[in-house]
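Chain residues, written in single-letter form:
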Amino acid sequence: MTALRSSTSRMESPTEDYKIQSFDQDTQMLLKTALKDPGSVNLEKVSNIIIDQSLKDQMFSKEAGRICYTIVQAEAKQNNGSVFRRNLLNRLQQEFKNREEMRKCSLQEWVCFVTFICNVFDYLKVNNMPMLALVHPVFDCLMRLAQPDALLNEAEVDCLVLQLHRIGEQLENANRPRMDELFFQLRDGFLLQEGLGSMSRLLLLELLEFRAGGWSLSSTADKYYYSEIAE
């Protein structure tokens, strides 16, 4: 699935489908309980289960932010607590620090991590605003995907484009100078990168136009890019 097609996945997912059927029965029960009664379970264990699964299952990583959001909301409503969110952010920080080693060991795990942290950024808000603690880590991950060696890997380009389709406008509102820096790098990559694949080149061009259009595409441009990818 290409980044452009994948960008609609959030809207297509059923509201209550949390993608937990891939777990064993005990873990499914733990997660279902955490979603409804977080105070009755070990929330550090729950956060580790969600992150561990996200790092190995890209489909799960695309929706796991919604699970996290539901648990955070339930815990706040139940006892005004933030145990789950604190454990989640601590574990994300650990994984973020090891991101380069992760990328060297497993490109798939790295792409899953970027997908997950962007998904968490998308869903978890403080007073309806993005969590400031995640802004720079998310930018750092996307900047890494825009490095010359990553642009030669279609999976990383696909991930980069998908995340910017999903949270680009939010990120720009949080820190426009860093978004400018990222897009300077993407523009240079599009123009100067040797060996860039035709699909990656098309996706980058679409992305440059997407931001230039205020994080949207004209119907003509949308039809052009979708028809090119379909072919």
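Residues numbered from 1 in each chain as written. Predicted model: local features only at pLDDT ≥ 70, side-chain atom pairs only at ≥ 80, totals over all residues. Heavy atoms only, no water.

Going by the annotation in an unreviewed UniProt entry, the name recorded for the protein is MIF4G domain containing b, with Takifugu rubripes given as the source organism. The record in UniProt for the protein states the following under Subunit (unreviewed entry): "Interacts with eif4g1, eif4g2 and slbp; probably tethered by SLBP to the 3'-end of mRNAs ending with the histone stem-loop, it also interacts with eif4g1 which is bound to their 5'-end." As stated in UniProt under Sequence similarities (unreviewed entry), the record for the protein gives "Belongs to the MIF4GD family." (UniProt positions renumbered as here; feature names shortened; annotations may be inferred.)

### Regarding the overall build of the protein
Within the protein, the secondary structure is distributed over 14 helices and two strands. For the protein, the proportion of its 231 residues judged to be buried stands at 51%. Split by element, the accessible area of the protein, about 11,500 Å² in all, is 49% carbon and sulfur. (Helix = DSSP H or I, 4+ residues; strand = E, 2+ residues; numbered from the N terminus. Buried < 20%, exposed > 50% of the residue type's maximum accessible area, 1.4 Å probe, protein only. Areas by Shrake-Rupley, 256 points an atom, 1.4 Å probe, with all protein chains shown as cover.)

### Here we look at the pattern of salt bridges
Under the counting rule described, the total for this entry stands at 13 salt bridges. A salt bridge links Asp149 to Arg144, with the shortest nitrogen-to-oxygen separation between them at 2.8 Å. For Asp149, a relative accessible area of 38% puts it in the partly exposed group. Each of the salt bridges in this network shares a partner with another, and the network as a whole consists of Glu100, Arg103, Arg144, Asp149 and Glu156. (Salt bridge = Lys/Arg side-chain N within 4 Å of Asp/Glu carboxyl O.)

### Observations concerning helix α3 (residues 25-36)
Taking 1.5 Å of rise per residue, twelve residues should cover 16 Å, and α3 covers 17 Å from first to last C-alpha, within 8% of that figure. Those residues of α3 not exposed but buried are Thr27, Gln28, Leu30, Leu31, Ala34 and Leu35. The arc that holds every buried residue of α3, seen down its axis, measures 160 degrees, which confines them to one face. Residues of α3 that are exposed and point over 90 degrees away from its buried face: Gln25, Asp26, Met29 and Lys36. Considering only its buried residues, α3 is in contact with α4 (43-56) and α5 (58-79). The N-cap residue of α3 is Asp24: its side-chain oxygen and the backbone nitrogen of Asp26 are 3.1 Å apart. (Expected span 1.5 Å × (residues − 1). Arc of directions from axis to C-beta. Contact = heavy atoms within 4.5 Å. Polar contact = N/O pair within 3.5 Å; in protein donor to acceptor, adjacent residues only side chain to side chain.)

### Thoughts on the packing of helix α6 (residues 83-97) against helix α9 (residues 132-145)
The geometry of α6 relative to α9 is characterised by a closest axis approach of 12 Å and an angle of 30 degrees between their N-to-C directions. In terms of orientation, α6 and α9 fall into the roughly parallel class. In this structure, α6 crosses over α9, and the sense of that crossing is left-handed. Of the residues in α9, those in contact with Leu89, Leu92 and Phe96 of α6 are Leu134, Pro137, Asp140 and Cys141. (Axes fitted to C-alpha atoms, helices over the stretch in contact; angles between N-to-C directions. Parallel < 35°, antiparallel > 145°, perpendicular 65-115°, else oblique. Left-handed = near helix turned anticlockwise from the far one by under 90°.)

### A look at the side chain of Gln28
Within the element layout of this structure, Gln28 appears in helix α3. The exposure class of Gln28 is buried, given its relative accessible area of 11%. A distance of 2.8 Å separates a polar atom in the side chain of Gln28 from the backbone oxygen of Phe23.

### A short note on the nonpolar core
The biggest cluster of nonpolar side chains holds 64 residues, and the ones touching the most others in it are Ile50, Leu142 and Leu186. Top element by residues in this core is helix α8 (residues 107-123). It accounts for ten residues. Sequence-distant contacts of Leu186, that is, excluding residues within four places in its chain, are made with Ala146, Leu151, Leu160, Leu164, Leu204, Leu207 and Leu208. (Core = buried A, V, L, I, M, F, W, Y, C linked by side-chain atoms within 4.5 Å.)

### Side note on the packing of aromatic side chains
One pass over the structure, following the stated rule, counts four aromatic pairs. Arranged with centres 5.8 Å apart and planes meeting at 85 degrees, the rings of Phe210 and Trp215 form a pair that is edge-to-face. In terms of burial, Phe210 and Trp215 fall into one category: buried. One aromatic cluster is present, formed by Phe183, Phe210 and Trp215 through successive ring pairs. The ring of Phe96 is capped by Arg99, whose NZ or CZ atom sits 3.9 Å from the centre of that ring. Over the ring of Phe121 we find Lys125; its NZ or CZ atom is 5.5 Å from the centre of that ring. (Phe/Tyr/Trp six-rings, centres within 6.5 Å; stacked < 30°, edge-to-face > 60°. Lys NZ or Arg CZ within 6 Å of the ring centre and 35° of its normal.)

### Focus: α5
Along its 22 residues, α5 runs 32 Å from first to last C-alpha, staying within 8% of the 32 Å computed at 1.5 Å per residue. Along α5, the largest kink reaches about 40 degrees and is centred on Ala64. A side-chain oxygen of the first residue of α5 lies 3.1 Å from the backbone nitrogen of Met59; this N-cap is Asp57. (Bend = angle between axes of the 7 residues up to and from the residue.)

### A word on the environment of Ile49
Mapped onto the elements of the fold, Ile49 is located in helix α4. Between the alpha carbons of Ile49 and Phe23 there is a distance of 9.7 Å; along the sequence they are 26 residues apart. Not counting chain neighbours up to four residues away, the residues in contact with Ile49 comprise Phe23, Thr27, Leu30 and Leu31.

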